[in-house]
Amino acid sequence: MSHLIRLSDYRNRSRRSNSKVFFNKPELSQLLGLYSEHVARGDYRDYAIDHLDEAAMFSMFRHAHESPLLTVVKTTDGKRRRTSFLLFQGEKRLLKTQSLGEILHHVRSRPRLVRE
């Protein structure tokens, strides 16, 4: 006796349960623009993009072997899918907002960020 499995049912169910968060193309372009401004000033030399189930992170480093100077995190709440952005300096949360533009403005308006 054989058991029939419909792959389309399995695929649809697995896609719905996958709620990974990613930066879209305009957001990534803005983040890379900010990063390149700081590279030109000599502040940063490396970056990393990480994706978790409920967050995407863009981290900027002074040196590749150090911990990040700044991290921009994009998260969504599960049910309403409302996006929020957080800015961290090390482990310290500096800002939480609904707009990536506010994060970028905050970083650009601050004096040069250097590790203490």
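Look above for the structure.
These lines cover the structure that appears in this document, whether it is placed above or below.

Scoring rules and cut-offs
- Residues numbered from 1 in each chain as written.
- Predicted model: local features only at pLDDT ≥ 70, side-chain atom pairs only at ≥ 80, totals over all residues.
- Heavy atoms only, no water.
- Pairing = 2+ DSSP bridges.
- Helix = DSSP H or I, 4+ residues; strand = E, 2+ residues; numbered from the N terminus.
- Patch = residues over 30% accessible without salt bridge, like charges linked within 9 Å, V, L, I, M, F, W, Y side chains within 5 Å.
- Areas by Shrake-Rupley, 256 points an atom, 1.4 Å probe, with all protein chains shown as cover.
- Salt bridge = Lys/Arg side-chain N within 4 Å of Asp/Glu carboxyl O.
- Buried < 20%, exposed > 50% of the residue type's maximum accessible area, 1.4 Å probe, protein only.

## Focus on the pairing of strand 5 (residues 92-97)
When strand 4 (residues 83-89) meets strand 5, the two strands line up antiparallel, connected through five bridges. Looking at the pairing, F85 lines up with T97 of strand 5.

## Here's the deal with the pairing of strand 1 (residues 46-51)
In terms of strand pairing, strand 1 meets strand 2 (residues 55-61) through six bridges, oriented antiparallel. When the bridges of strand 2 are listed, Y47 appears paired with M60. Between strand 1 and strand 2, which pair antiparallel and follow one another directly, the connecting turn spans three residues.

## Notes on a nonpolar patch on the surface
On the surface, a nonpolar cluster with roughly 210 Å² of combined accessible area is contributed by L32, Y47 and I49. Structurally, Y47 can be placed in strand 1. For Y47, a relative accessible area of 34% translates into the label partly exposed.

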